[in-house]
Structures are given as C-alpha cells and as structure tokens.
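Listed below are the residues making up each chain.
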Amino acid sequence: MSLINPSDSLERQNEKLLRIAEALMNRVEYGAENSGDAYAQFERAALLEKRVRERTLELERTLDLLHQSNAQLAEANRETEAARRNLADAIETVSEGFALFDSDDVLVMCNSRFCRDFRDMTQHLRPGMPFASYVAKVSRSRYLALPEDLTPDTWAERRNRRHQDRHVMFNVQLSQGRWLQVSEHRTANGGTVVLQTDVTDLMRLERAERDRLKDKQARMVRATLDHLNQGVCIFDDHGRLVGWNQKTGDLLSLPARRLQIGADFAGLIDRLDDEVQFTRGLTREGFRLWAASPQPRQPVSFEIRRGPQMVLQIFGRGMPDGGFLMAITDVTAEREAAQKLAELNEVLEQRVMERTLELEDALSAAERANASKSRFVAAASHDLLQPLSAAKLYVSSLADRTQNGADQAVLHKAESALTSAEQIIDALLDISKLDGDGLHFDIRTVALHEIFRPLRDEMAVLAERKGLQLGFVDSGLMVQSDASYLRRIVQNLLANAIRYTDAGRVLVGVRRNGASARIEVWDTGPGIAEEDQNAIFEEFRRLDTKASRNEGLGLGLAIVERACARLGHPLGLWSEVGRGSCFMVNVPIAGRASAAVTQNPRSARPVGLSQAGLIVLLVENDPQLSRAVTVMLESWDVSVLQAASAEEALALLADLQIVPDALLLDYQLGPGPTGIGLYHSLKEHMGALPCAIISADRSPELRQDCKALDLTFLPKPLDRHRLGQFLTAAADALCRMG
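The structure presented is a predicted model; accordingly, all values stated were derived computationally and were not measured.

Peer 1: Quick one: what's the story with empty space enclosed by the protein, residue by residue and with numbers?
Peer 2: Tallied over the entire structure, the rule returns two cavities of 30 Å³ or more. Computed from the structure, the largest cavity encloses a volume of approximately 120 Å³. If you go around the largest cavity, you meet 15 residues; those closest to its centre are Leu 252, Leu 254, Leu 268, Ile 269 and Met 326. Within the residue set of the lining of the largest cavity, elements represented by two or more residues are strand E6 (231-235), helix H6 (246-252) and helix H7 (265-270). Ranked by residues supplied to the lining of the largest cavity, first place goes to H7 with three residues. Residues that form the lining of the largest cavity fall into these classes: 14 nonpolar, one polar and no charged. Considered as a void within the structure, the second largest cavity measures approximately 80 Å³ in volume.

Here's what the structure looks like:
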C-alpha cells in the first residue's frame, strides 16, 4: 500500500513525503519514553530517511523530464496551429470554392468561396456537416435553377448517385443566368475534394458563338434554297413556315405577303386559288391531314395542275424534329413528253402488232420448212445408207478375192471413202434429229463407269496409233441422262481430243460441281484461240485442216453442242493456245438410286437461252443501265419488257395482259416500293416467278432478305456470267413446267 496518492502532482507528492519524514523524525525523538527499543527505532528512521531522499531525487528527475515533454508538446502544438493557419490561408487564396470531406463524408474544412452563390445556406456550412445534408441544402436553395422536369428531391438523388464515382464534373445553372462547374476528386485516404468554379462567362461566350454559327448556317441554307431549281418550303412541328425560297412563290403563284415566317400551313393551302387542282396521288384535304398527322409521317408524292398547262409534282417528307418539308418541281415538259410518247407508243404498238403477225406467218413457214427438211434428211439418209452398205460389202468381197497389192490399196481407199460418207450421213441424221421437235430421250440413272469402260477400250487403239497416253479417272457416281447420247457426247469429245493432239496425253475425269458431275476431257493439243472458240461448234468447221485432212468431218462438236442443249447438260470450254484444251459437260447427279431405273421417255425441250424464248421483265430506273442490260439480253434472244418504276411495271403488265417468265428488279427504284416490294405485288397477282434483285447495296441485311425469299441477288456492276446462269436456270424451270 502506498503512503501517497499516485494521481497527485509531483509537487504535491514531494510535499507529502517531506511531512511524512518530519513525522517519523519526531516519533524517533520522542518515542523513547514509551518504548525501550529506541535504538531500533532510530535505525529504522535513518533507513527511511535514506529511502525518502532517493525517492525525492527520482521524483525531481521525473519532474524535469515532464517539464521537457510539456515544452516539446507546446512547441508541436504551436507548429501544428501555424501549419493549420497556413493551410487555411492557402485554401482561402484559391479562386474557386473549395471543400474537403473525410472518408466518412463529413465536412472537414472549406473556404469562404465555397457555396458563396448559395447565400441561403452559408450559415449551415460548418465542420462536421454530412455530405448528404450539404446536397439536400443545395437542392432546396432558391438560388439553384432546376430544369422544369426535375424536383429538388430528384436532383438531390441524382447528385448523390454521381458522388459514388471517383471523378465527377458537371455544370449547375444558378438563378440570374449564372453557371457553376462542380468537380469532385477522391483523396488517397478516401476523402473527397469538391471544387466549384464560376463558368458563367464561358457559357455566355459559347452560347453567343453557337447563335452566331446558327445564324450563319441559316443564311447559308437560305442561299442554297434560292439557287435550287425547285420550290422548297420548311414547316416546324406546329405547321408554321420557317424557311422557303423564291421559286416556291413563283410555282404556286403565292404573293410575298403570304410567305412570311410563322405562316400557317393550313392557311397557305386554303389560299391556293381555284386554278390549282390536285390531280394525282392526294387530294387537298388528304394533304392537309398528312401535314396535321402525328409522327412519323410517311413520304408522299402527288401532282397538281395550275392553270390549263402547268403540272407540278410535290414531294413531302417528315423531319426528325417533328416538322416537314415540301419540294415542288415543274414537270410540265416531262408530262407533255410522256403524252407524246404514249401517242407514239400507240402507233408503234400498231406497227409492232402488224410486224408480229408477219413474223408469225414467217415463223410458221420456217417451222414447216424445217420440219420438211428434217423429214427429207431422215428419208434421204435412210435411202442412202442402204446402197452405201451394199457397196462396202462388194468392196470388201473384192478385196478378199484379189491378191494384188496395188488393187488392195485402191479398194482400201474406196472403203475408207464409203465409211466417211456413211459417217457424214449418220452425223447429219443425228443433227436433224436434235434439231427436230419429235426427239425423245430415255432419261434414266446411269453409272458413269458404264460409259467410260467401253470408251477406254475403243479409244485406246486410236491413242496408241498416234503415240498418245490415254488416261481415265474412274468414277462411281450415278447421273441422270440418256445413256446412248451421253456416251456419244463423251465419245465425240475424246475423238476430237485425240485427232488434234500430236504429242502428250488425253485425260478423262469427273469432278463434283454442287449437285452436278462435271465430266472433263483434257488434252495437250495446240489449243483454241478465244476468237475461234464459238466457231468450232459450227457444222463442217475445222480450224486445223492439216490435222484433220484424212479424218474428221467437222460435225462432232456440232452434235455435242446440240445434244447437251437438248439434254440440259451445260457445256463448257477452257483452252489456251500452245498448252491444250478442256471440254466440260455438267450432268445432274442422281439421288440415292441403287439401280438403274428406266423412266418413261419424255419429250426434250430446248434449254439454251436462244431456244427457250424467255420473256423477262426488267425494272431499272437508271436509263443507261436499263438500255445496256436490254441490249445484252436481246443478243441472247431474250425478249425484254422495260419499266422504270414499280407503278410503270404494274401498268405495263396490266396493259399487255402477259405473265413474264423471269423478273430482273432493281432494289432502289426511287419513290415508291423497292424491288422486293414490287416482287410481293407481282407474286400476289401472278404467283411465284424466278426473280433476281439487282442492287449496289451489298449489305448482309439485303442479302439475308433475298435469301429468305429465295431470290437471286446480283450485285452491281452486273456480272454477265451470273446473269446468264440465272436466266439459264429460269429456262430450265420453264422447260420442266412444260
């Protein structure tokens, strides 16, 4: 137990110890009368005095240390206060409003410029104020200019939500047209520094510059409108006139006092005199209802007549801001030209009808002559083949009877001449059959190896004779064709390749080409120049007379072309002079038929464009492109019906009362339906027809739309080969339907 209270100051403790020591000394001096052990008491007193003296020295040293600590603490407090005053002075010198909130969103300090513009809340800004209270006070300040659609609570909610971001900057509008820019930044310990900057002057300069640019833009727009050859007027979302050009008044015959800023649209329509008649597209009341209708407004186009002759076309379109625009064009000359053209068309149609009747008579006569020719060739071939066969037998018998070498050589030449004549007659008979209408094919499933195997044995002798390598790449594919004619096609191509190849090899193979098998015959012959590649399919046409002086009739490729056309097997050719050639025949692959099935003979129809007699509707609003496509199609013996718009196309078909075999529709046809929209209209009246959409728009969306409707997409510029493929497919479909 301690004799003194530790909580006392050092001075008080020292005072108590001195009094205790004095009391002990008195007790030692005067306590001997009551005790016999005086000496022992004296020793204890001496010991106690020594301890007291030591304790006193320790207390004095402790007191010195305490005085030093107090002096250092006072110095630190003075320095801290000086730093705080310096910081406050520095913050006060900042030209912007400054406030510091700690990590608990409690106000630590701010300068006098902070919230100076919100004079009704400056008395509430004290250290310890929560951030939410600060926002609430600002939101309800009468100096804050809130937008009409915001309440103070909504503004405060948005402000607190933005406070969650690490860096924030926004503008606040004050009363009397002033603006503050408020920015927030996070400190390292999670606190927030808020800066308020007066940007009123900057906002005013920006608005002034914007107004200046707007005025300049308005002048430029007005100057542009005045230079247009059309009348243009612009109305706002309330139907009030905000812009126009002088051409508008000239075309509509409106006085200048009527065309004023703010003029009402309905009033202007009512003031059009009785000479103005709505003739095509919309009535006067319909146009008024369109202008008064809510958004979105669909584009409209109609015509009016002013006076006895002037025809005006008016185009109206809504604008994003709710207003609308009118464009007025004088189309009097165009309508007069159209009227004259219509009258001319009537005369031309009469002439065309007369000429058509003449051509029909001539065609009938030609068909009768062709049929007579075919019958004559067939009959003549039959009558000629019998004596030729007999003559060959007599020559063979005579060759067996004579042993004279010279005589046998003469007989051999005679037999070769008779064989050539027989081959010519056979070829002419084949061509006559292929050109006639009464030919029937036995279309069935054919294994290609059944065609290749006998030809390999037959042609190997001819190739070996000329020292050529003959190769066959066998195939297990099954195709749909007439076996005898397909064999004749491949045989003629092989014979032709061997005949014109002096060295190297001839190769026959098959490639898959989608749903077709492409039979290819390659050779290493002299090749065929591009300008001669069409001529080789003509009858009795041989380019290399030296190579075929003693063999070849010039009819093999003519027969191949006709047979492929009648069977519907596309024929192709690749050739390069000095390297060789490749003839290709595409034959449809049969299904999963496991065995050959003989089908009923069916009449073959022409599938080439020159024979199909296609009628194509071409709708293209570009006159030059329309004319170019028409010329190309007519060179392919395709009949073309031309139109420049959807309306013109529908009117043309209605007048002619005809259903085309195929459709070529431009996607963008100007005002009115697109090409796809026109296709829907035609399909509704005429059913599904082969259709190709022509467009420079190569977007995936348009391609997907065409794919969904099973329409062919032909991008601009047009590829003549892809166009030809589309028309060939349409011709094939027409033949199958027939």
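Next, the rest of the story.
Peer 1: Just give me the short version of the sheet that holds strand E1 (residues 97-101), but keep the residues and values in it.
Peer 2: Taken in spatial order, the five strands make up an open sheet running E2-E1-E5-E4-E3, and their pairing is antiparallel. Of all the strands in the sheet, the pair left with one neighbour each is strand E2 (107-110) and strand E3 (167-173). Taken pair by pair, the neighbouring strands of this sheet meet at an average axis angle of 15°, ignoring direction. As judged from the five bridges shared by E1 and strand E5 (residues 192-198), these two strands associate in the antiparallel manner. Bridging across to E5, Phe 98 finds its partner in Leu 195.

Peer 1: Talk me through helix H4 (residues 152-162); I want residue IDs and the actual numbers.
Peer 2: An α-helical turn contains 3.6 residues, so a residue and the one three or four places further along point in the same direction. Turning to H4, its buried residues number three or more, namely Trp 155, Ala 156 and Arg 159. Down the axis of H4, the buried set is contained in an arc of 100°. They therefore lie on one face.

Peer 1: Summarise the packing of helix H3 (residues 131-139) against H4; cite the residues concerned and give the values.
Peer 2: Running from N to C, H3 and H4 cross one another at 140°; their axes reach a closest spacing of 9 Å. Our pair here, H3 against H4, has a crossing hand that is right-handed. For the pair formed by H3 and H4, the contact residues are Phe 131, Ala 132, Tyr 134, Val 135, Val 138 and Ser 139 on the first element and Pro 152, Trp 155, Ala 156, Arg 159 and Asn 160 on the second. The class makeup of the residues in the contact of H3 with H4 is eight nonpolar, two polar and one charged.

Peer 1: Let's hear about the sheet that holds strand E24 (residues 691-695): which residues, and what values?
Peer 2: Paired through their backbone hydrogen bonds, the strands of a sheet run either parallel or antiparallel. Strand order across the open sheet formed by five strands is E22-E21-E23-E24-E25, with parallel pairing between neighbours. Both edges of this open sheet fall to strand E22 (639-643) and strand E25 (712-715), since each of them pairs with a single strand only. Each strand axis lies, on average, 20° off the axis of its neighbour in the sheet, ignoring direction. The pairing of strand E21 (residues 615-619) with strand E23 (residues 662-666) spans four bridges and is parallel. Pairing of Val 616 across the sheet is with Ala 662, part of E23. Of the strands in this sheet, E21, E22 and E23 touch helix H15 (residues 623-635), which is tilted by about 170° from E22. Here helix H17 (residues 675-686) sits on the sheet and contacts E21, E23 and E24; the angle it forms with E23, its principal contact strand, is near 150°.

Rules used throughout
- Residues numbered from 1 in each chain as written.
- Predicted model: local features only at pLDDT ≥ 70, side-chain atom pairs only at ≥ 80, totals over all residues.
- Heavy atoms only, no water.
- 1 Å grid on protein atoms, 1.4 Å probe; cavity = no way out; pocket = protein on both sides within 12 Å on 5 of 7 lines; lining within 4 Å.
- Points joined across faces, edges and corners; volume = space filled by probe spheres on them.
- Helix = DSSP H or I, 4+ residues; strand = E, 2+ residues; numbered from the N terminus.
- Nonpolar A, V, L, I, M, F, W, Y, C, P; charged D, E, K, R; others polar.
- Pairing = 2+ DSSP bridges.
- Axes fitted to C-alpha atoms, helices over the stretch in contact; angles between N-to-C directions.
- Buried < 20%, exposed > 50% of the residue type's maximum accessible area, 1.4 Å probe, protein only.
- Arc of directions from axis to C-beta.
- Left-handed = near helix turned anticlockwise from the far one by under 90°.
- Contact = heavy atoms within 4.5 Å.

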